Amino acid sequence: MALVTVSIGSNIEREHHVRVCLDALAASFEGLRVSRVFESEPVGFEDGRNFYNLVAAFESDASVGELQAWCKRLEFANGRREGSPKFSPRTLDVDLLTVGELTGEHDGVSLPRGEITHHAFVLQPLAELLPEARLPGSGETYAALWRRFEAGDQRLWPVAFSWAEREISHPD
């Protein structure tokens with residue numbers, strides 16, 4: 001079994017779609033762990049609706065292609081339209097970040113996902129969830145990467161969020 005990480009984001013009916021995603025992950029994969037939920041200002045979007053973002057980790061024997069297909073099916077089942085513009089509002093965005101220690105291209109997916117070290121809304125939740133885990137191919141821990149990260153104008157903050165009848169996130 002490989003440790004898999006995914007980033008989850010939504011800026012349309014955020015609470016609903018994040019909960020639907022977490023329900024689907026919990027039903028499909030073993031050992032689900034989640035970061036706090038962060039609200040973030042959109043990066044590159046003309047539509048000003050803020051996002052909810054978090055990272056989830058779980059164990060799976062599925063191939064990279066199977067995991068990617070699962071993520072896309074969940075997005076489409078929740079109203080994401082194929083071929084929609086890159087920087088358009090979205091009900092649900094589920095991106096495969098890492099699959100075990102894999103690096104390079106696998107089943108058409110580049111691992112680890114480049115967004116990890118470029119976007120605060122991915123790296124901060126990942127560093128909170130798996131601080132001592134190492135970014136495949138770099139050997140650096142997520143906590144160390146986050147300490148050196150220069151967020152610039154990428155603002156995000158933790159929010160109160162409950163799922164499965166428990167609080168999974170709270171403001172600082």
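Structure's up top.
Below is a summary of the structure that appears in this document. (Residues numbered from 1 in each chain as written. Predicted model: local features only at pLDDT ≥ 70, side-chain atom pairs only at ≥ 80, totals over all residues. Heavy atoms only, no water.)

### Structural notes on the side chain of Gln154
To keep it simple, the criterion reads: Secondary structure elements follow DSSP: runs of H or I no shorter than four residues count as helices, runs of E no shorter than two count as strands, and numbering proceeds from the N terminus. Any pair of N or O atoms that falls within 3.5 Å is considered a polar contact. Within protein, one atom must be able to donate a hydrogen and the other to accept it, and sequence-neighbouring residues count only if both atoms are side-chain atoms.
The residue Gln154 is located in the loop between helix 4 (142-148) and strand 8 (156-158) in this model. A distance of 2.6 Å separates the side chain of Gln154 from the backbone nitrogen of Ala120, its partner in a polar contact.

### So, helix 2 (residues 64-77)
Which entries qualify depends on this criterion: By definition here, a helix of n residues has an expected span of 1.5 Å times n minus one. Relative accessibility under 20% of the residue-type maximum defines a buried residue, over 50% an exposed one, and the middle range a partly exposed one, all with a 1.4 Å probe and only protein chains included. Here the arc refers to the directions that run from the helix axis out to each C-beta atom. Between two residues, a contact is recorded if the distance between any of their heavy atoms is within 4.5 Å.
The terminal C-alpha atoms of helix 2 lie 20 Å apart, and with 14 residues this matches the ideal 20 Å at 1.5 Å per residue to within 8%. Inspection of helix 2 places Val64, Leu67, Trp70, Cys71, Leu74 and Glu75 among the buried residues, and these make up the whole buried set. Along helix 2, the residues classed as buried sweep out an arc of 135° about the axis, all on the same side. Away from its buried face by more than 90 degrees, helix 2 exposes Arg73 and Ala77. Looking at the buried residues of helix 2, the elements they touch are strand 1 (2-10), helix 1 (14-28), strand 4 (51-60), strand 5 (93-99), strand 6 (104-106) and strand 7 (109-111).

### Regarding the nonpolar core
The following threshold applies: The term nonpolar core refers to a set of buried residues drawn from Ala, Val, Leu, Ile, Met, Phe, Trp, Tyr and Cys, joined through side-chain atoms within 4.5 Å.
Grouped together as the largest cluster of nonpolar side chains are 30 residues, with contacts concentrated most on Val6, Ile8, Leu22, Leu25 and Leu96. Excluding residues that lie within four positions of it along the chain, Leu96 makes contacts with Val4, Thr5, Val6, Val64, Leu67, Gln68, Val109, Leu111 and Arg113. In this structure, Leu126, Leu135, Tyr142 and Leu156 belong to the second largest nonpolar core, which totals 18 residues.

### Some remarks on the environment of Asn53
Tracing the sequence through the fold places Asn53 in strand 4. Owing to a relative accessible area of 5%, Asn53 belongs among the buried residues under this scheme. Filtering out sequence-adjacent residues up to four positions away, Asn53 remains in contact with Ile8, Gly9, Arg36, Val37, Phe38, Ser40 and Phe121. There is a polar contact of 2.6 Å between the side chain of Asn53 and the side chain of Ser40.

### Describing the pattern of salt bridges
Filter applied, for reference: By salt bridge we mean one thing: a side-chain nitrogen of Lys or Arg within 4 Å of a carboxyl oxygen of Asp or Glu.
Considering all chains together, one arrives at 8 salt bridges under this definition. Residues Glu75 and Lys72 are paired through a salt bridge, measuring 3.1 Å at the closest nitrogen-oxygen approach. With Glu75 and Lys72 both in helix 2 and 3 residues apart, this pair spans about one turn of that helix. On the basis of relative accessible area, Glu75 is assigned to the buried category, the value being 1%. By relative accessible area, which is 23% here, Lys72 ends up partly exposed. Between Asp95 and Arg113 there is a salt bridge whose closest N-O contact spans 3.7 Å. Here the residue Asp95 occupies a position in strand 5, and Arg113 occupies one in the loop between strand 7 and helix 3 (120-129), the gap between them amounting to 18 residues. Counted as one network, the salt bridges with shared partners bring together Asp95, Arg113 and Glu115.

Keep in mind these numbers describe shape, not what the thing actually does.
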